[in-house]
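Here is how the chains run, residue by residue.
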Amino acid sequence: MAYSTQIIGSFLIVILGLISSRIIYNITKRAIKEFELKYLFKKVGLEKIEKQLPIIIRYLIIAISIIF
């Protein structure tokens, strides 16, 4: 019985990690667009980071939730 609660808890953590990663991904994309950070990235020479940063953050959150 104790293992079943741990397994259910693990699944809930992973599911919450997936949901929160999607939410934070959308917030990051919106923040880059609204604050016009792409111009700042372009000025510094990091044009590709504009598209990659939300993806990196999303996968980082998923990895952390899987580790938990």
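These numbers were taken from a predicted model, which means no experiment stands behind them. (Residues numbered from 1 in each chain as written. Predicted model: local features only at pLDDT ≥ 70, side-chain atom pairs only at ≥ 80, totals over all residues. Heavy atoms only, no water.)

Caption draft 1: Focus on the packing of aromatic side chains. Taken as a whole and assessed by the stated rule, the structure comprises 0 aromatic pairs. The ring of Tyr25 carries Arg58 above its face, with NZ or CZ at 5.5 Å from the centroid. (Phe/Tyr/Trp six-rings, centres within 6.5 Å; stacked < 30°, edge-to-face > 60°. Lys NZ or Arg CZ within 6 Å of the ring centre and 35° of its normal.)

Caption draft 2: Main features of the environment of Ile19. Along the chain, Ile19 turns up in helix 1 (residues 2-34). For Ile19, a relative accessible area of 46% translates into the label partly exposed. In the structure, Ile19 is positioned 37 residues away from Ile56 in sequence and 15 Å away in space, judged by C-alpha atoms. (Helix = DSSP H or I, 4+ residues; strand = E, 2+ residues; numbered from the N terminus. Buried < 20%, exposed > 50% of the residue type's maximum accessible area, 1.4 Å probe, protein only.)

Caption draft 3: Looking closely at a positive patch on the surface. There is a patch of like positive charges on the surface, built from Arg22, Lys29, Lys33 and Lys38. Inspection of the secondary structure assignment puts Lys33 in helix 1. (Patch = residues over 30% accessible without salt bridge, like charges linked within 9 Å, V, L, I, M, F, W, Y side chains within 5 Å. Areas by Shrake-Rupley, 256 points an atom, 1.4 Å probe, with all protein chains shown as cover. Salt bridge = Lys/Arg side-chain N within 4 Å of Asp/Glu carboxyl O. Lys, Arg positive; Asp, Glu negative; His and termini not counted. Charge placed at Lys NZ, Arg CZ, Asp CG, Glu CD.)

Caption draft 4: Here's a closer look at the side chain of Thr28. Tracing the backbone through its elements, the reader meets Thr28 in helix 1. Overall, Thr28 belongs to the buried group, its relative accessible area being 14%. A distance of 2.7 Å separates a polar atom in the side chain of Thr28 from the backbone oxygen of Ile24. Residues in contact with Thr28, not counting those within four places in the same chain, are Pro54 and Ile57. (Polar contact = N/O pair within 3.5 Å; in protein donor to acceptor, adjacent residues only side chain to side chain. Contact = heavy atoms within 4.5 Å.)

Caption draft 5: Quick look at the layout of surface pockets. The calculated volume of the largest pocket comes to roughly 170 Å³. Elements with a contribution of two residues or more to the lining of the largest pocket: helix 1 and helix 3 (49-67). Classifying every residue of the lining of the largest pocket by side-chain character gives 4 nonpolar, no polar and 5 charged. (1 Å grid on protein atoms, 1.4 Å probe; cavity = no way out; pocket = protein on both sides within 12 Å on 5 of 7 lines; lining within 4 Å. Points joined across faces, edges and corners; volume = space filled by probe spheres on them. Nonpolar A, V, L, I, M, F, W, Y, C, P; charged D, E, K, R; others polar.)

Caption draft 6: Quick look at a nonpolar patch on the surface. Side chains of Tyr3, Ile7, Phe11, Ile15, Leu16, Ile19, Ile23, Ile24 and Ile27 sit close together on the surface and give an oily, nonpolar patch of about 940 Å² of accessible area. Mapped onto the elements of the fold, Ile15 is located in helix 1.

Caption draft 7: Expanded view of the side chain of Ser21. Inspection of the secondary structure assignment puts Ser21 in helix 1. Among the residues examined, Ser21 registers a relative accessible area of 0% and is labelled buried. Dropping the residues within four chain positions of it, Ser21 is found in contact with Arg58, Ile61 and Ile62.

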